[in-house]
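Below are the chains, spelled out letter by letter.
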Amino acid sequence: LQRSQQLKRSAWLAPAPCRLNSGLPMNIGVLFVPQQEAWVVERMGKFHRILEPGLNFLIPLLDRIRYVQSLKEIVINVPEQSAVTLDNVTLQIDGVLYLRVMDPYKASYGVEDPEYAVTQLAQTTMRSELGKLSLDRVFRERESLNANIVDAINQASDCWGIRCLRYEIKDIHVPPRVKESMQMQVEAERRKRATVLESEGTRESAINVAEGQKQAQILASEAEKAEQINKAAGEANAMLVRARAKAEAIQLLAAALAQQHGSAAASLSVAEQYVSAFSKLAKDSNTLLLPANTGDVTNMVAQALGIYATLTKPQAMKTPAEMPPAHEDPQPPAAEVLKAEQASSS
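Presented here is an overview of the structure given in this document. Just so we're clear, the structure is a prediction, and the values are computed from it rather than from any experiment.

1. Let's talk about the nonpolar core
Of all hydrophobic cores here, the largest spans 30 residues; its most connected members are Leu-91, Leu-97, Leu-99, Ile-153 and Tyr-167. When contributions to this core are tallied by element, the ones reaching two or more residues are strand S6 (73-84), strand S7 (90-101), helix H3 (114-130), helix H4 (135-140), helix H5 (142-157) and strand S8 (162-173). The element contributing the most residues to this core is H3, with 6 residues. Contacts of Ile-153, omitting those with residues within four sequence positions, involve Leu-97, Val-118, Leu-121, Ala-122 and Cys-164. Grouped together as the second largest cluster of nonpolar side chains are 8 residues, Val-41, Leu-51, Ile-65 and Val-68 included.

Structure representation (structure tokens):
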């Protein structure tokens, strides 16, 4: 029976530190128990007591050391097994189990082979938990899967005096076709994210360009507005300056005309302007209407002086003091000048 149990254990378990010593110590009356070990003693085939580490005394022949339990943490390799997920994908999973003997009495008499029992329980619990998850969730929820397996093992192994500290999944092997599909899915997801990031970059670029154009148009309109305001202000100032200059020129001209011989100077200026106007004829157009006596410069000057005298006559009537002296020759009236012009033209 022991041989069959050992063969069964070797078939399910990988090499690991043995919980039971290969040889049980002999009862010589005085025994020294090592630290982190518990020796189970039977007296005449019945459980007697558990020897604590240190010096212990037993009765030879009556007392027998039946089990030696190690209180250290035990590491057990869980063999690779197949399990089917919720979406019908077959996986090959192996793991590592960490145990510790909490009660040497229960570990000795509660179960025949505690390590084998815990290993079988871990495998069945793993299959059960994997059947509740899909393939994608198996890779994402490995920690919760390990915690569920530990809880299930502790609930069943409490009566065996063994406590499962933790369970870790070492490797998960998926079928080749499923692995190819997963790789294609990952590549498609990466391409999708790249496309999304590129579109977001294009959108941000378009938004930035539009925002820049908007700001440029706003700044250009504000600059044009400021330019128009400055231009209008400049033109207004120029008009004011020209008006002031014209007003001052009129005041100076009026003062000059009020002085002695001012009228004569004004007459001379008008005559010069009238004569210079003829020098600009035929520059803008070839069609001209000229009086018959164009070559008579004296008559032209007389006409210009007559026009000026007609314009200044009302002012002379209002201010008799400024009228020319009696000994001076009066200027020809405007009516006589016009009649003379009509006679010459006819």
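2. Here's the deal with the pattern of salt bridges
Tallying each qualifying case throughout the model produces 5 salt bridges. Among the ionic pairs, Glu-129 bridges to Lys-132, the shortest N-O distance being 3.7 Å. The exposure class assigned to Glu-129 is buried, which follows from its relative accessible area of 13%. Among the ionic pairs, Arg-203 bridges to Glu-204, the shortest N-O distance being 3.8 Å. Exposure remark for Glu-204: the relative accessible area of 38% places this residue in the partly exposed category.

3. Observations regarding the sheet that holds strand S3 (residues 46-51)
If you walk across this open sheet you meet the 3 strands as S3-S2-S5, and the pairing is antiparallel. Single-partner strands in this sheet number two, and they are S3 and strand S5 (63-70). The mean angle between the axes of side-by-side strands here comes to 25 degrees, regardless of whether they run parallel or antiparallel. As judged from the 7 bridges shared by strand S2 (residues 37-43) and S5, these two strands associate in the antiparallel manner. Across the sheet, Arg-43 pairs through a bridge with Asp-63, a residue of S5.

4. So, a nonpolar patch on the surface
A surface patch of nonpolar side chains, about 440 Å² in accessible area, is lined by Val-30, Phe-32, Leu-55 and Phe-57. Mapped by element, the contributors of at least two residues to the nonpolar patch are strand S1 (30-33) and strand S4 (54-57). Within the secondary structure, Leu-55 is located in strand S4. Residue classification places Leu-55 among the partly exposed residues on the basis of a relative accessible area of 49%.

Rules behind the numbers
- Every residue gets a number counted from 1 within its own chain, in the order that chain's sequence is written.
- Reporting in this predicted model follows two pLDDT cut-offs: at least 70 for local features of residues, and 80 or more for side-chain atom pairs to be given and counted; totals over whole chains, interfaces and linings ignore these cut-offs and use all residues.
- Only heavy atoms go into the side-chain values, all of them from the structure, while hydrogens and water stay out.
- What makes a nonpolar core is a set of buried Ala, Val, Leu, Ile, Met, Phe, Trp, Tyr and Cys residues whose side-chain atoms join them at distances within 4.5 Å.
- When accessible area is computed with a 1.4 Å probe and restricted to protein chains, residues below 20% of their type maximum are described as buried, those above 50% as exposed, and intermediate ones as partly exposed.
- Put simply, DSSP H or I for four residues or longer makes a helix, DSSP E for two residues or longer makes a strand, and each gets a number counted from the N terminus.
- Should any heavy atoms of two residues lie within 4.5 Å, those residues are counted as being in contact.
- Salt bridge, as used here: a side-chain nitrogen of Lys or Arg that lies within 4 Å of a carboxyl oxygen of Asp or Glu.
- One requirement defines pairing of two strands: DSSP has to find at least two bridges between them.
- The convention used is that axes are lines fitted to C-alpha atoms, helices contributing only their stretch in contact, and that angles between N-to-C directions extend from 0 to 180 degrees.
- Only residues above 30% relative accessible area that lack a salt bridge enter a patch, with like-charged residues linked at up to 9 Å and the nonpolar side chains Val, Leu, Ile, Met, Phe, Trp and Tyr linked at up to 5 Å.
- For the accessible areas, the method is Shrake-Rupley and the probe is 1.4 Å, while residue cover comes only from the protein chains on display.

Scope: geometric values only; no functional claims are made or implied.
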